[in-house]
Amino acid sequence: MTDRSALPGQMPNAFVPGQGNLSPEDQALVARRQAAMGPAYRLFYETPVHLVRGEGVWLYDADGQAYLDTYNNVASVGHCHPRVVEAMARQAAVFASHTRYLHEGILAYSERLLGYFPPDLSHVMFTCTGSEANDLALRIAEAHTGGTGIIVTENAYHGVTRAIAAMSPSLGAGAALGENVRVVPAPDPLRLEGDLGQAFAAHVQAAIDDMVGKGIKPVALIVDTIFSSDGVFADPKGFLAPAVAAIRKAGGLFIADEVQPGFGRTGEAMWGFQRHGLVPDMVTLGKPMGNGYPVAAVVMQPDVVAEFGARARYFNTFGGNAVAAATANAVLDVIEDEGLLENSRVVGAHLRQGLEDLAKRHENLGPIRSAGLFVGAEIVAGDDPLAVDAAFAAKVVNRLREARVLISATGPRANVLKIRPPLVFSKENADLFLDRLDVALAR
């Protein structure tokens, strides 16, 4: 089970009010933020960054200093991409209403988006956020199966609605897990013995058996297909198949949460589930879909949504509005026209090789796991890959911030560097990151 105490405030590199080397102006901003926004928000880094502008892979602070963004998956095709901004503004100036009117834009985008999926996944429904998408997927799954039992991994994050927070262990002890939620160990090759796929499936089957023994019918296994909050677990390809077979045999569905790994992030394919040779029952999409504009979706097999559609109307005022459709369509244009899927593969391989080279010289840099431009790098104590060092990981993150490079840390032990730059990241950007990480590790 997750050691939640390893994540104070659930952010290992969070700002602590009253600390940090803040200017008087930024101290005043923090005070205003606390007064107006309350106590539940958190800021990144020991010394927070006051950002005012973004362009491509760069973010700029109030003094005009540039920060290399090696973390942001929301601006997937680069901050303020001119083609996306132009499409957004052009549509907003013409028509911005919802899906209860006929409109060509949302239909054209729906058909185009579905063209990236296997033919069996042929319906799409729109929301504003990944949290909403997962919430809708859960409602649909419950209507289809009649079940209520959910299986997630030990440090999963799937969103912040009431239902989805109850199946997001990474939120910490302050967000209690639902009674019908079962948590299984992440597919961590360092900690699960034997064949990874079979070992992970055995834990899923044990969760299913526990549910059934307590009279709970399984509804779904939902996983982020790169297991980002668990520490990034990508390989070997295909290891998810036995677990998916187990949940389907029990009458449940497989929901692939592609909010983080989707839209070319993994380099070899548009969606993370494709690396496992699977066709999910449902797929949820979010963050990178609109490059910063709030648009998300659920893609599903038609029979899965039939019961839900027969019994309930679905409407989301902003989900699938005309501006969202135009913006999301422009994101696909950029991914295609700028070859970002191939860029993710090529630059991701270059970045991983550079990290593996650094690991030969820095004993604290442990195993590297990645797919495309999604990388998890363990920070360990000495040369023991199981001896984690969360405190050193936090230091590395904050040292990089001082060097004007932005990353974060993740995993149940808060010791995995989470490296996830915009898809327009170049080899030159990667080399700059590697140089500054080399210095941060050596300090």
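Rules of the game
- Residues numbered from 1 in each chain as written.
- Predicted model: local features only at pLDDT ≥ 70, side-chain atom pairs only at ≥ 80, totals over all residues.
- Heavy atoms only, no water.
- Helix = DSSP H or I, 4+ residues; strand = E, 2+ residues; numbered from the N terminus.
- Rg over C-alpha atoms; globule rule 2.2 N^0.38 Å.
- Areas by Shrake-Rupley, 256 points an atom, 1.4 Å probe, with all protein chains shown as cover.
- Lys, Arg positive; Asp, Glu negative; His and termini not counted.
- Charge placed at Lys NZ, Arg CZ, Asp CG, Glu CD.
- Buried < 20%, exposed > 50% of the residue type's maximum accessible area, 1.4 Å probe, protein only.
- Arc of directions from axis to C-beta.
- Contact = heavy atoms within 4.5 Å.
- Pairing = 2+ DSSP bridges.
- Axes fitted to C-alpha atoms, helices over the stretch in contact; angles between N-to-C directions.
- Salt bridge = Lys/Arg side-chain N within 4 Å of Asp/Glu carboxyl O.
- Phe/Tyr/Trp six-rings, centres within 6.5 Å; stacked < 30°, edge-to-face > 60°.
- Lys NZ or Arg CZ within 6 Å of the ring centre and 35° of its normal.
- Expected span 1.5 Å × (residues − 1).
- pLDDT = per-residue confidence, 0-100.
- Core = buried A, V, L, I, M, F, W, Y, C linked by side-chain atoms within 4.5 Å.

### Describing the overall build of the protein chain
The helix and strand inventory of the protein chain stands at 12 helices and 15 strands. The C-alpha radius of gyration of the protein chain comes to 21 Å, within 12% of the 22 Å expected for a compact globule of 443 residues. When its C-alpha atoms are laid out on the principal axes, the protein chain stretches across 60 × 55 × 45 Å. Split by element, the accessible area of the protein chain, about 18,200 Å² in all, is 53% carbon and sulfur. Averaging the coordinates of the 38 positive side-chain charges in the protein chain and doing the same for the 48 negative ones gives two points 3 Å apart.

### Quick look at helix H7 (residues 241-249)
Within H7, burial applies to Ala 243, Val 244, Ala 246 and Ile 247. Seen along its axis, H7 keeps its buried residues to an arc of 155°; they face one direction. Residues of H7 that are buried make contact with strand E5 (149-153), helix H6 (196-213), strand E7 (218-224) and strand E8 (253-257).

### Considering the sheet that holds E7
With mixed pairing, 7 strands are arranged side by side in an open sheet as E4-E10-E9-E8-E7-E5-E6. Single-partner strands in this sheet number two, and they are strand E4 (123-127) and strand E6 (181-184). Sheet twist, expressed as the average angle between the axes of neighbouring strands with direction ignored, equals 20°. Examined bridge by bridge, E5 and E7 share 3 bridges and lie parallel to one another. Counted as the bridge partner of Ile 150 is Ala 220 from E7. The strands touched by helix H8 (residues 302-311) within the sheet are E4, E8, strand E9 (282-285) and strand E10 (296-300), with E4 carrying the most contacts at an inclination of about 55°.

### Some details on the sheet that holds strand E2 (residues 58-61)
A sheet is described by the order of its strands in space; here 4 strands give the open sequence E1-E2-E3-E13, paired in mixed fashion. Single-partner strands in this sheet number two, and they are strand E1 (51-55) and strand E13 (405-406). In this structure, E1 lies alongside E2, joined through 4 bridges in antiparallel fashion. Bridged to Gly 54 within E2 is Leu 59.

### Side note on the pattern of salt bridges
This structure, assessed with the given rule, holds 18 salt bridges. We note a salt bridge from Glu 336 to Arg 112, for which the minimum N-O separation is 3.0 Å. Pair noted here: Glu 336 is in helix H9 (residues 322-337) and Arg 112 is in helix H3 (residues 104-114), with a separation of 224 residues, a long-range link. Asp 210 is paired through a salt bridge with Lys 214; the nearest N and O atoms lie 2.7 Å apart. Take Lys 214: its relative accessible area is 55%, and that puts it in the exposed class. A cluster of three or more residues bridged by salt bridges with shared partners is formed by Arg 112, Asp 333 and Glu 336.

### Description of the packing of aromatic side chains
Overall, the coordinates contain 8 aromatic pairs when judged by the stated rule. Considering the side-chain rings of Phe 44 and Tyr 45, the 5.5 Å spacing of their centres and the 50° angle between planes classify their relative orientation as tilted. Among the aromatic side chains, those forming a connected cluster through ring pairs are Phe 117, Phe 263, Trp 271 and Phe 273. Looking at Arg 420, its charged tip hangs above the ring of Tyr 71, at a distance of 4.5 Å from the centre.

### Re helix H1 (residues 24-37)
Between its first and last C-alpha atoms H1 spans 20 Å; for 14 residues at 1.5 Å apiece the expected length is 20 Å, and the two agree. In the segment just after H1, Gly 38 is the residue with positive phi, at about 85°.

### Comments concerning the confidence of the model for the protein chain
Of the residues in the protein chain, 97% have a pLDDT of 70 or more, and the chain-wide mean is 94. Predicted confidence is poor over residues 1-10, with pLDDT under 50, and the contacts of this stretch with residues over four places away or in other chains come to 23 contacts.

### Topic: the nonpolar core
Within the largest apolar cluster, 94 residues are counted, with the highest numbers of intra-cluster contacts made by Leu 113, Phe 117, Phe 263, Leu 285, Met 289, Leu 417 and Phe 433. The leading source of residues in this core is H9, at 9 residues. Sequence-distant contacts of Phe 433, that is, excluding residues within four places in its chain, are made with Leu 68, Thr 70, Leu 351, Leu 355, Leu 400, Val 405, Ile 407, Ile 419 and Phe 425. Formed by 25 residues, the second largest nonpolar core is a distinct cluster that contains Met 125, Leu 136, Ile 150 and Met 300.

### A look at the pairing of strand E15 (residues 416-419)
Residue alternation in E15 divides its side chains into two sets, Val 416 and Lys 418 and Leu 417 and Ile 419, and both sets are buried. Sheet topology note: the strand E12 (residues 374-379)/E15 ladder contains 4 bridges and is antiparallel. Paired with Val 375 across the strands is Ile 419, a residue of E15. With 3 bridges connecting them, strand E14 (residues 408-410) and E15 associate as antiparallel partners. Within E15, the residue paired with Thr 410 across the bridge is Val 416. Between E14 and E15, which pair antiparallel and follow one another directly, the connecting turn spans 5 residues, one of which, Gly 411, has a positive phi of 95°.

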